[in-house]
Amino acid sequence: MGNGLNHAHPPDRIWTAALVVIGDEILSGRTHDKNIAQVASWLGVQGIRLREVRVVPDVEDAIVEAVNTLRARNDYLFTTGGIGPTHDDITVDAVAAALGVEVVVHPAARAILEGYYATRGGLNEGRLRMARVPAGADLIENKMSGAPGIRLGNLFLMAGVPHITAQMLASLDGVLEGGAPLLSETIGCWVAESEVATLLRESERAHAQCQIGSYPFFREGKVGANFVIRSTDAYAIAACAKAVGDGLRALGRDPISGGI
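Just so it is clear, the model here is predicted, and its values are computed rather than measured. (Residues numbered from 1 in each chain as written. Predicted model: local features only at pLDDT ≥ 70, side-chain atom pairs only at ≥ 80, totals over all residues. Heavy atoms only, no water.)

Draft legend 1. Region of the structure containing the overall build of the chain. The helix and strand inventory of the chain stands at nine helices and twelve strands. Taking 2.2 N^0.38 as the reference for a compact globule, 260 residues should give roughly 18 Å; the C-alpha atoms of the chain span a radius of gyration of 20 Å, in line with that estimate. The C-alpha extent of the chain, read off along each of the three principal axes, is 55 × 50 × 35 Å. A burial count over the chain gives 42% of its 260 residues as buried. Across the chain, contacts joining residues at least 24 apart in sequence account for 70% of those joining residues at least 6 apart. Accessible surface computed for the chain: about 12600 Å², of which carbon and sulfur atoms make up 52%. Put simply, the chain has 23 plus and 29 minus side-chain charges, and the middle of one group is 4 Å from the middle of the other. (Helix = DSSP H or I, 4+ residues; strand = E, 2+ residues; numbered from the N terminus. Rg over C-alpha atoms; globule rule 2.2 N^0.38 Å. Buried < 20%, exposed > 50% of the residue type's maximum accessible area, 1.4 Å probe, protein only. Contact = heavy atoms within 4.5 Å. Areas by Shrake-Rupley, 256 points an atom, 1.4 Å probe, with all protein chains shown as cover. Lys, Arg positive; Asp, Glu negative; His and termini not counted. Charge placed at Lys NZ, Arg CZ, Asp CG, Glu CD.)

Draft legend 2. Summary view of the pairing of strand β8 (residues 155–158). Judged by which residues are buried, β8 turns out to be covered on both faces: L155 and L157 on one side and F156 and M158 on the other are all buried. Of the strand pairs in this sheet, strand β3 (residues 76–80) and β8 are connected by four bridges, and their pairing is parallel. Residue T79 lies in a different strand from β8, and its bridge partner there is L157. Across three bridges, strand β7 (residues 149–152) lies against β8 in antiparallel orientation. Looking at β8, one finds that L152 is bridged to L155. The hairpin turn running from β7 into β8, its antiparallel successor, is two residues long, and G153 in that turn takes a positive phi close to 65°. (Pairing = 2+ DSSP bridges.)

Draft legend 3. How the structure looks around the pattern of salt bridges. Throughout the structure, instances matching the rule amount to eight salt bridges. Note that D93 is salt-bridged to R132, the shortest N-O span being 2.8 Å. Here R132 lies in strand β5 (residues 132–134) and D93 lies in helix α4 (residues 91–99), a separation of 39 residues in the sequence. Among the ionic pairs, R249 bridges to D246, the shortest N-O distance being 3.2 Å. Placement of both R249 and D246 in helix α9 (residues 234–250) is noted, with a separation of three residues, approximately one turn of the helix. (Salt bridge = Lys/Arg side-chain N within 4 Å of Asp/Glu carboxyl O.)

Draft legend 4. Up close: the layout of surface pockets. If you add up the space inside the largest pocket, you get close to 590 Å³. Lining the largest pocket are 18 residues, and of these Q38, A166, Q211, I212 and G213 lie nearest its centre. For the lining of the largest pocket, the secondary-structure elements that each account for two or more residues are α2 (35–46), α7 (162–171) and β10 (211–219). Its residues assigned to classes, the lining of the largest pocket shows eight nonpolar, seven polar and three charged. Its volume calculated, the second largest pocket comes out at about 500 Å³. (1 Å grid on protein atoms, 1.4 Å probe; cavity = no way out; pocket = protein on both sides within 12 Å on 5 of 7 lines; lining within 4 Å. Points joined across faces, edges and corners; volume = space filled by probe spheres on them. Nonpolar A, V, L, I, M, F, W, Y, C, P; charged D, E, K, R; others polar.)

Set out below in structure tokens:
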């Protein structure tokens, strides 16, 4: 799929997505879902509208029905949850059944997992389950825990753990067709991320069309961070960047345009 707008479509076309949240633990109330909010805000920044969400149990028939219903009436479908190492992680099998394809072990996913678990006890049968994909699928990078997400056409299978899902979404920044092209501006600063958490949170809240990614580092014996502001609206980015820069100066720090 291309980057940004596909000019074969009318410019006022609204691209839509749906989300299937999979897991008994969500429906029982034991786990509070955070993925709906972060998928919704990420899609908004990509210029794509989250149109509907369904929460389903770890039951194959329920997942199959939700996947087929929602993908038929939206441009994209995301799922979160149920792609881990245990017996009740059945998302891959259910999606393969919904699409009428078989489940295969993806060689690149197996290699990633072998590397990740080389110093963590090796690749056992449960961990190898995380290399299984519906036939024909590509992988979505996961820098956090080795196990990749899965992409099959307009369908995206992602982790249930929110910070892992966030990493997978970040790897898809700007690559989905539809919506307005994603723009970004980077501000660097020699500051500990913890010192500016409130500033970043308040700046993002005040500029709803923007997302701020924070990427800390340790260099030259001191800590710093780059803050990447993303939006489809150049004016919104400029206003948010000004707010972040002014906030850093108020803390006695020097913002560095373009990053460090």
